[in-house]
Amino acid sequence: MSETKNSAPSRPLARTPRGFIDRRADALMAERSVVEKVLRVYESWGYERLETPSFEYADALGKFLPDQDRPNEGVFALEDDDGQWMSLRYDLTAPLARFVAQNWDGLPKPFRRCAAGPVWRNEKPGPGRFREFWQCDADCVGSARPEADAEAIAMGADAVEAAGVPRGLYVVNVSNRKLLDGLLAKIGIDAGDVRTRLGVLRAVDKLDRLGAQGVELLLGAGRKDESGDFTKGAGLNPAAISQVMAFTATRKATRKETLAALAEVVGDTELGGEGVAELAAIDATLAALGLGEDRAFFDPAIVRGLEYYTGPVFEVELLAETVDDKGQKVRFGSIGSGGRYDDLVMRFRGERAPATGFSLGVSRLVAALSAAGHAPQARSGPVVILALDADAMAGYMQMAGQLRGAGIAAEVYLGQSGMKAQMKYADRRNAPIVVIEGSTEREAGNVTLKDLNLGAELAQSIDSNEAWRKERPAQILVPRAGLVAAVQDMLKR
RNA sequence: GCCGUGGUAGCUCAGUUGGUUAGAGCGCCAGAUUGUGGCUCUGGAGGUCAGUGGUUCAAUUCCACUUCACGGUACCA
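Owing to the predicted nature of the structure, the values given are computational and were not obtained by experimental measurement.

This part takes up the environment of V484. With respect to the element layout, V484 can be found in helix α18 (residues 483-492). Distance in space between the C-alpha atoms of V484 and T231 is 69 Å, their sequence separation being 253 residues. Residues in contact with V484, not counting those within four places in the same chain, are Q402, L403 and A406.

The next subject is the packing of aromatic side chains. Within the structure shown, the criterion is met by 4 aromatic pairs. Geometry around W104 places K109 over its ring, the cationic atom sitting 4.8 Å from the centre. In this structure, K450 is placed above the aromatic ring of W468, and the distance from its NZ or CZ to the ring centre is 5.1 Å.

The next subject is the pairing of strand β13 (residues 355-361). Most of β13 sits inside the fold, with 7 of its 7 residues counted as buried. On β13, burial covers both faces: A355, G357, S359 and G361 on one face and T356, F358 and L360 on the other are all buried. Both strand β6 (residues 132-141) and β13 contribute to a ladder of 7 bridges, which runs antiparallel. Looking across to β13, one finds that V141 is bridged to A355. As paired elements, strand β12 (residues 336-340) and β13 share 5 bridges and run antiparallel to each other. When the bridges of β13 are listed, S337 appears paired with S359.

Residues in close proximity to RNA strand B total 47 residues, the closest being R202, T440, I462, W468 and R469. Each atom of RNA strand B within 4 Å of the protein belongs either to a base or to sugar and phosphate, the latter forming 51%. K420 places a side-chain nitrogen or oxygen 2.8 Å from a phosphate oxygen of RNA strand B. One of the side-chain N or O atoms of E441 is found 2.7 Å from a base nitrogen in RNA strand B. When contributions to the surface near RNA strand B are tallied by element, the ones reaching two or more residues are α7 (207-219), α14 (419-428), α15 (439-444), α16 (452-459) and α17 (465-471). The leading source of residues in the surface near RNA strand B is α14, at 6 residues. Classifying every residue of the surface near RNA strand B by side-chain character gives 16 nonpolar, 10 polar and 21 charged.

This part is about the environment of D139. Within the secondary structure, D139 sits in strand β6. Looking at D139, the relative accessible area reads 2%, which means it is buried. Each C-alpha atom of the pair D139 and V435 lies 51 Å from the other, and the pair is 296 residues apart in sequence. With residues up to four places along the chain from it excluded, the contact list for D139 reads Y47, T93, L96, F111, R112, R113, Y341, T356, G357 and F358. In this structure the side chain of D139 is engaged in a polar contact, spanning 2.7 Å, whose partner is the side chain of Y341.

Before going further, it helps to spend a moment on the side chain of R255. Residue placement: R255 occurs in helix α9 (residues 255-266). Looking at R255, its side chain comes within polar contact range of the side chain of D283, at 2.7 Å.

Under the 1.5 Å per step criterion, the end-to-end length of α7 is only 11 Å for 13 residues, more than 12% shorter than the ideal 18 Å. If you check which residues of α7 are buried, you get G214, V215, L218 and L219. Next to the buried residues of α7 lie α6 (194-205), β8 (222-224), β9 (230-232) and α8 (238-248).

All right, on to the pairing of strand β7 (residues 170-176) then. Burial of β7 is extensive: 7 of the 7 residues sit out of reach of the surface. Burial along β7 is two-sided: Y170, V172, V174 and N176 facing one way and V171, N173 and S175 facing the other are all buried. Here 7 bridges tie β7 to strand β11 (residues 312-318), and the two strands are oriented antiparallel to one another. If you follow Y170 over to β11, its bridge partner there is L318. Where β7 lies against strand β10 (residues 296-298), 3 bridges are found, and the strand directions are parallel. Within β10, the residue paired with V174 across the bridge is F298.

Formed by 73 residues in total, the largest nonpolar core has its most connected members in Y42, V172, V200, L219 and L236. Ranked by residues supplied to this core, first place goes to helix α4 (residues 146-162) with 8 residues. If we skip the residues at most four places from it in the chain, L236 touches I187, I189, T196, V200, L219, G220, I241 and V244.

The subject of this paragraph is the UniProt feature "binding site: L-histidine" (unreviewed entry) in chain A. Mapped onto this structure's residue numbering, the UniProt feature "binding site: L-histidine" (unreviewed entry) falls at D91, L92, T93, R121, Q135, D139, R304, Y308 and Y309. When you line up the elements, T93 lands in helix α3 (residues 93-102). Judged by relative accessible area, which is 7%, T93 ranks as buried. Apart from residues no more than four positions distant in its own chain, T93 is found in contact with D137, D139, Y308, Y341 and L344. Relative to the elements of secondary structure, Q135 occurs in strand β6. On the basis of relative accessible area, Q135 is assigned to the buried category, the value being 9%. Ignoring anything within four residues of it in the chain, the contact list for Q135 reads D91, L92, A115, A116, G117, V119, R121, S359, L360 and V362.

Parameters and conventions
Residues numbered from 1 in each chain as written. Chains lettered and ligands numbered in written order. Predicted model: local features only at pLDDT ≥ 70, side-chain atom pairs only at ≥ 80, totals over all residues. Heavy atoms only, no water. Helix = DSSP H or I, 4+ residues; strand = E, 2+ residues; numbered from the N terminus. Contact = heavy atoms within 4.5 Å. Phe/Tyr/Trp six-rings, centres within 6.5 Å; stacked < 30°, edge-to-face > 60°. Lys NZ or Arg CZ within 6 Å of the ring centre and 35° of its normal. Buried < 20%, exposed > 50% of the residue type's maximum accessible area, 1.4 Å probe, protein only. Pairing = 2+ DSSP bridges. Near = heavy atom within 4 Å. Polar contact = N/O pair within 3.5 Å; in protein donor to acceptor, adjacent residues only side chain to side chain. Nonpolar A, V, L, I, M, F, W, Y, C, P; charged D, E, K, R; others polar. Expected span 1.5 Å × (residues − 1). Core = buried A, V, L, I, M, F, W, Y, C linked by side-chain atoms within 4.5 Å. UniProt positions renumbered as here; feature names shortened; annotations may be inferred.

This is the structure we're talking about:
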């Protein structure tokens, strides 16, 4: 029997599932270091770390219950052998609500908790948008004070800076869900008219992308996009539309001015008045914490998640210009967001537990940072010890052991190739140094060290290959006994 | 989900008005250089031309469907 190409299709294709990615050392280190820095910031604000499982029972996650009709809408879910549905968590907040409800009596309240980990969403992936990604959250459960919201905003700004975004390259845009609710009441939309309410919220949310004109269309009859697809509008009358548009125009140059403008547009409604008062308290706290307009801004058009937030909402916008590897401008969504959600724990306990928090999208932040040219530097690889003589392997392994003993990452080349290939290998590993011990060195009790970075620099001024090979730039001969000290010395350069 | 555009080597892309053996650059492997990563030169490997079906003497090329990718839009706890 001959093995032909016809048998190939039976082999599995080596590939990652759609919307999932492999991450190599560089990306991994960047992400993990961001996570650790951000968690430290959270801890410094008094938030304790908590880790909950990847899976939760579907009913505990709420909203999207897997059922006959739509078993996988939005979440990855599976049925356990006892017939119960479990879902991979889609954020860190729902598991927190479950944890708090479950441990209510044993927790100090208000309870501050921070957490980091992967979350999963079963939806259409896009550039910079995956079906598995990391979040880094801090939430405070049990305080209805606006100071708790202000704290979340200020801490979010701190966290973003700790993650490597320079001040001035981001801004936290803050609004309050109550403002829009007050406005809706004012233009005569019934609180029970969910359809119209959501239509208005969605329309306002698109202000930054579609502009005032697009929003106006969406508030009215509807809008046709570039691809010819038609989006049905909220169906408001012209008078109501102009009131909503007036609301979206209340973003002013300072928080105080925005507050004044908001008071005028929605301050005369019950909810609107509450919203303005909360924002005023937040403004005062932010000022006390030293957050000026350059870091936290009031933007009434911020909407965020639809059925979830009940009061103040905010999102971190990246101001840096970002380009992809083709040099084209890329639009990153918000890199972090948060707000007040007073009803989440209620699902479990039947009583309101006021809560507010902040969530940082780690993967997206790291992607945005590198697109903005702020990628962390690539790390140096291990010292590579060339394997030139089969009989000398034990000695090579010993050298690597000694270097590791001194805290230096080191490895012996374990392939079968010749010296040239081994040098290329070391180059590709981003090794700072190679250790060369052939028979010449060994007989004299020496080893040769080569500084690869220095060698690459020197190579630029050598154009004949003969000279390049003869000169052996950036190499030194040292006694075998002095290997570790010499390597340490060379690393210091 | 809906609308649109696309899928040719590991990557970026030519090309085939339907016709022997489908190309380039970069990358990879090797040699020039018996022990030196860069540069230069030479050679090599690597493709079911996304998949399935149809039209045809003949399909990578035309048609249909599927799938995946990209863009827009909707949804996004």
